[in-house]
Amino acid sequence: MASDAVDTREFRNALGCFATGVTVITALDGKDEAAGITVNSFSAVSLDPPLVLWSLSRSAERFAAFEKAESFTINVLGTEGAEISSRFAMKGESRVDLAATVPTRLGPPSFAEALAVFECVKHAHYDGGDHIIVVGRVRDFTYARDAGAMEPLLFFRGRYGAITGLKS
Ligand SMILES: Cc1cc2nc3c(=O)[nH]c(=O)nc-3n(C[C@H](O)[C@H](O)[C@H](O)COP(=O)(O)O)c2cc1C
């Protein structure tokens with residue numbers, strides 16, 4: 001496409017051809033409350049220092065909760081996490097039931113259905129058009145060491161899926 005005018009629906013469809021994993025990111029929102037958001041824009045940035053990024057929509061109702069958060073926890077979901085992903089993608093439904101979570105060192109909760117967990121502190125925010133790019137510095141992480149223990153949850157063309165065969 002040569003012009004700057006992009007058909008947003010079509011652009012989304014094209015981006016959806018890039019298969020991704022799925023994360024739910026949590027942040028503390030008030031004293032004893034946490035917010036969650038389903039995110040597939042997660043990406044690794046740097047090994048040393050350990051940095052990761054994700055993008056946060058400026059139009060999200062939960063924008064303020066995550067924009068002001070000094071720390072956040074990134075939960076990379078396994079296939080058992082599909083319901084959690086749908087739950088935290090629902091409009092206006094960002095509240096985390098802390099009873100259903102696992103405590104972390106920095107505070108923002110994690111989920112037992114996570115294949116990997118990255119505990120981050122805010123490193124930088126950058127303008128990203130209708131999103132902001134959030135860069136986190138990883139302070140702690142865990143992951144399922146047994147590769148067969150949990151399958152990753154995938155997102156492709158607007159649908160959830162699982163890996164059907166890995167080539168060695
Ligand atoms: C698979 C998937 C990936 C998503 N990835 C992102 C993302 O990277 N950044 C983002 O801001 N919203 C993302 N969303 C949208 C949010 O999860 C959520 O739907 C939105 O914040 C809800 O609107 P509200 O905050 O106005 O209630 C994604 C949704 C889905 C289903």
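Located above this text is the structure these notes cover.
In what follows, the accompanying structure is described.

Procedures and definitions
Residues numbered from 1 in each chain as written. Predicted model: local features only at pLDDT ≥ 70, side-chain atom pairs only at ≥ 80, totals over all residues. Heavy atoms only, no water. Buried < 20%, exposed > 50% of the residue type's maximum accessible area, 1.4 Å probe, protein only. Helix = DSSP H or I, 4+ residues; strand = E, 2+ residues; numbered from the N terminus. Pairing = 2+ DSSP bridges. Near = heavy atom within 4 Å. Polar contact = N/O pair within 3.5 Å; in protein donor to acceptor, adjacent residues only side chain to side chain. Areas by Shrake-Rupley, 256 points an atom, 1.4 Å probe, with all protein chains shown as cover. Nonpolar A, V, L, I, M, F, W, Y, C, P; charged D, E, K, R; others polar.

### Here we look at the pairing of strand β6 (residues 71-77)
Moving on, step 1. Most of β6 is tucked away: seven of the seven residues are buried.
Moving on, step 2. With burial as the criterion, each face of β6 is covered, one bearing Ser71, Thr73, Asn75 and Leu77 and the other bearing Phe72, Ile74 and Val76.
Moving on, step 3. Where strand β2 (residues 23-28) and β6 come together, four bridges link them in antiparallel fashion. Paired with Thr23 across the strands is Val76, a residue of β6.
Moving on, step 4. In this sheet, strand β7 (residues 114-128) lies alongside β6 in antiparallel orientation, the contact comprising seven bridges. Looking at β7, one finds that Phe72 is bridged to Cys120.

### So, the site of the ligand
Moving on, step 1. Residues in contact with the ligand amount to 17 residues; listed here are only the nearest, Thr38, Ser41, Ala89, Lys91 and Gly92.
Moving on, step 2. Measuring from a nitrogen atom of the ligand, one finds a backbone N or O atom of Asn40 at 3.1 Å.
Moving on, step 3. Arg62 places a side-chain nitrogen or oxygen 2.8 Å from an oxygen atom of the ligand.
Moving on, step 4. Look at the ligand: alone it shows 630 Å² of surface, and the protein chains cover 84% of it.
Moving on, step 5. Listing elements by their share of the shell around the ligand, those giving two or more residues are β3 (34-39) and β5 (51-57).
Moving on, step 6. Residue classes in the shell around the ligand are distributed as eight nonpolar, six polar and three charged.

### Overview of the environment of Ala144
Moving on, step 1. Position of Ala144 among the secondary structure elements: in the loop between β8 (131-143) and β9 (154-156).
Moving on, step 2. Linking Ala144 and Phe155, residues 11 residues apart in sequence, is a C-alpha distance of 20 Å.

### As for the sheet that holds strand β1 (residues 20-21)
Moving on, step 1. Sheet architecture is open: three strands sit in the order β1-β9-β10, paired in antiparallel fashion. Only two strands of the sheet have a single partner each, and these edge strands are β1 and β10 (159-161).
Moving on, step 2. As judged from the three bridges shared by β9 and β10, these two strands associate in the antiparallel manner. Note on β10: the bridge partner recorded for Leu154 is Gly161.

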